[in-house]
Amino acid sequence: MTFNPVLDGLKNYEAGKPIELVVRDYGIAPQDVIKLASNENPRGCSLGVLAAMQQESTRAHLYPDDSMYELKDGLASRFGVKKENVIIGAGSDQVIGFALHAKANPNQAILMAGVTFAMYEIYGKQTGATILKTPSKMHNLEDFKQMLATHKGAIGVLFLCLPNNPLGEALDADEVKLFLREVDPNILVVVDGAYQEYASYKDQTKALDPRALIEEFPNVLYLGTFSKAYGLGGMRCGYGIGEAGLIHTLHKLRPPFNITTLSLKAGIEALKDEGFVARCMEENFSEMKRYEAEARALGFDFIESYTNFITLEFPEGKIASKIAQSLLEKGIIIRDLSAYGMNAVRVTIGTPEQNSRFFENFKRVYC
Ligand SMILES: *Cc1c(COP(=O)(O)O)cnc(C)c1O
């Protein structure tokens with residue numbers, strides 16, 4: 001059988017290794033495995049969310065409210081926009097898919113940073129579009145401008161992942177705005193804010209305001225998720241915010257009941273407990289300082305991070321893939337970034353106890 005040729009050579013997304021795999025392959029007890037590979041919230045989610053989901057579980061036989069009225073309403077008031085400006089996805093991943101399938105085609109290119117979230121390329125290639133990456137690994141707006149000029153008229157979609165996964169850098173909101181003013185309004189600019197809660201906690205100058213963005217730029221689609229700061233990765237709930245016409249178009253691609261009854265409830269409740277998020281932010285950045293100190297003490301580089309992970313870059317002679325593998329055998333899952341052409345690993349900031357165990361084992365493996 002032959003398939004759509006755009007799928008030839010398209011790689012499957014490689015998710016962080018699950019705890020179950022380490023249990024099976026290395027015979028380590030599940031409670032001894034630490035997963036610091038997928039940027040999940042190590043503190044779990046708000047207790048209010050858990051209670052609400054438990055209650056909602058008696059409604060598991062019912063389809064969710066497909067209008068997602070309450071969740072859209074919650075997000076709209078949170079961001080000062082209208083419900084018509086909001087679309088819900090099974091993770092913001094799904095909204096990335098909607099955006100690309102709505103806009104990209106085989107005669108166009110999709111522009112992104114040199115090293116950024118893998119799903120942009122995967123969904124992008126599904127549309128047959130060409131993938132263009134800036135020479136700089138991290139977001140460099142001068143690079144983006146240069147590429148826009150070189151490929152004038154050929155770019156359909158542009159991604160800004162701010163803060164960026166897997167490197168952790170962020171940009172000043174003012175610079176982003178100035179840049180967007182120079183972008184052709186027929187280019188769809190997807191601003192992926194999966195880690196915006198972290199960035200705005202650490203440094204207000206990096207905080208992007210979705211409302212201000214979509215008011216000035218009808219070609220911007222802002223993405224957010226409940227998977228990171230809200231600790232709901234397993235519930236698959238994310239959202240897009242954009243000008244009403246853009247959101248209306250994306251809805252044409254949305255499958256019915258695209259998130260579950262429980263996910264919908266979880267999202268609604270999560271927005272009511274900002275205290276939980278604030279406590280997570282505080283612990284995340286105080287724990288991140290321990291990683292920075294460890295890197296300095298052991299003499300390797302790290303990228304300053306505005307997220308819940310940190311990218312550690314090793315000098316020659318220390319091999320990232322080997323370090324990641326040795327840690328895996330000890331039950332600690334991190335992300336090897338060798339596939340991105342970097343001798344680096346990405347480590348999700350865990351709980352204080354998880355981080356202590358990481359350091360203990362890391363020192364043995366590294367030194
Ligand atoms: C985690 C992540 C997402 C979305 O995750 P979902 O679980 O699908 O909401 C989107 N973009 C980036 C950069 C991420 O790291």
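Up top is the structure.
Residues numbered from 1 in each chain as written. Predicted model: local features only at pLDDT ≥ 70, side-chain atom pairs only at ≥ 80, totals over all residues. Heavy atoms only, no water.

Colleague: How would you sum up the overall build of the chain? Please name residues and give values.
Modeller: Secondary structure assignment for the chain yields 14 helices and 13 strands. Taken against the 2.2 N^0.38 rule, which gives 21 Å for 367 residues, the C-alpha radius of gyration of the chain at 20 Å falls within 12% of a compact globule. Dimensions along the principal axes, computed over C-alpha positions, put the chain at roughly 55 × 55 × 55 Å. Per-residue burial for the chain yields a buried fraction of 53% across its 367 residues. Nonlocal contacts in the chain, meaning residues at least 24 apart in sequence, comprise 73% of its contacts between residues at least 6 apart. The averaged location of the 45 negative side-chain charges in the chain is 2 Å from the averaged location of its 39 positive side-chain charges. (Helix = DSSP H or I, 4+ residues; strand = E, 2+ residues; numbered from the N terminus. Rg over C-alpha atoms; globule rule 2.2 N^0.38 Å. Buried < 20%, exposed > 50% of the residue type's maximum accessible area, 1.4 Å probe, protein only. Contact = heavy atoms within 4.5 Å. Lys, Arg positive; Asp, Glu negative; His and termini not counted. Charge placed at Lys NZ, Arg CZ, Asp CG, Glu CD.)

Colleague: Pulling in residues and values, what's your account of the site of the ligand?
Modeller: Close to the ligand lie 13 residues; Asp192, Thr225, Ser227, Lys228 and Arg236 are nearest. Take Ser92: an N or O atom from its main chain is 2.7 Å from an oxygen atom of the ligand. Asp93 has a polar side-chain atom sitting 3.1 Å from an oxygen atom of the ligand. When the ligand sits alone it has 380 Å² of accessible area, and the protein chains cover 94% of it. Residue composition of the shell around the ligand, grouped by class: 4 nonpolar, 5 polar and 4 charged. (Near = heavy atom within 4 Å. Polar contact = N/O pair within 3.5 Å; in protein donor to acceptor, adjacent residues only side chain to side chain. Areas by Shrake-Rupley, 256 points an atom, 1.4 Å probe, with all protein chains shown as cover. Nonpolar A, V, L, I, M, F, W, Y, C, P; charged D, E, K, R; others polar.)

Colleague: Provide a residue-level description of the sheet that holds strand S6 (residues 188-192), including the pertinent values.
Modeller: Strands sit in the order S2-S8-S7-S6-S5-S3-S4 across an open sheet of 7 strands; the sheet is mixed. Only two strands of the sheet have a single partner each, and these edge strands are strand S2 (86-89) and strand S4 (130-133). With strand direction ignored, the average angle separating the axes of adjacent strands in the sheet is 20°. Inspection of the sheet shows S6 paired to strand S7 (residues 220-225) by 4 bridges, in the parallel sense. Residue Val189 lies in a different strand from S7, and its bridge partner there is Val220. Most of the contacts of helix H5 (residues 118-126) go to S4, to which it runs at about 155°, and overall it touches strand S3 (109-112), S4, strand S5 (155-161) and S6. (Pairing = 2+ DSSP bridges. Axes fitted to C-alpha atoms, helices over the stretch in contact; angles between N-to-C directions.)

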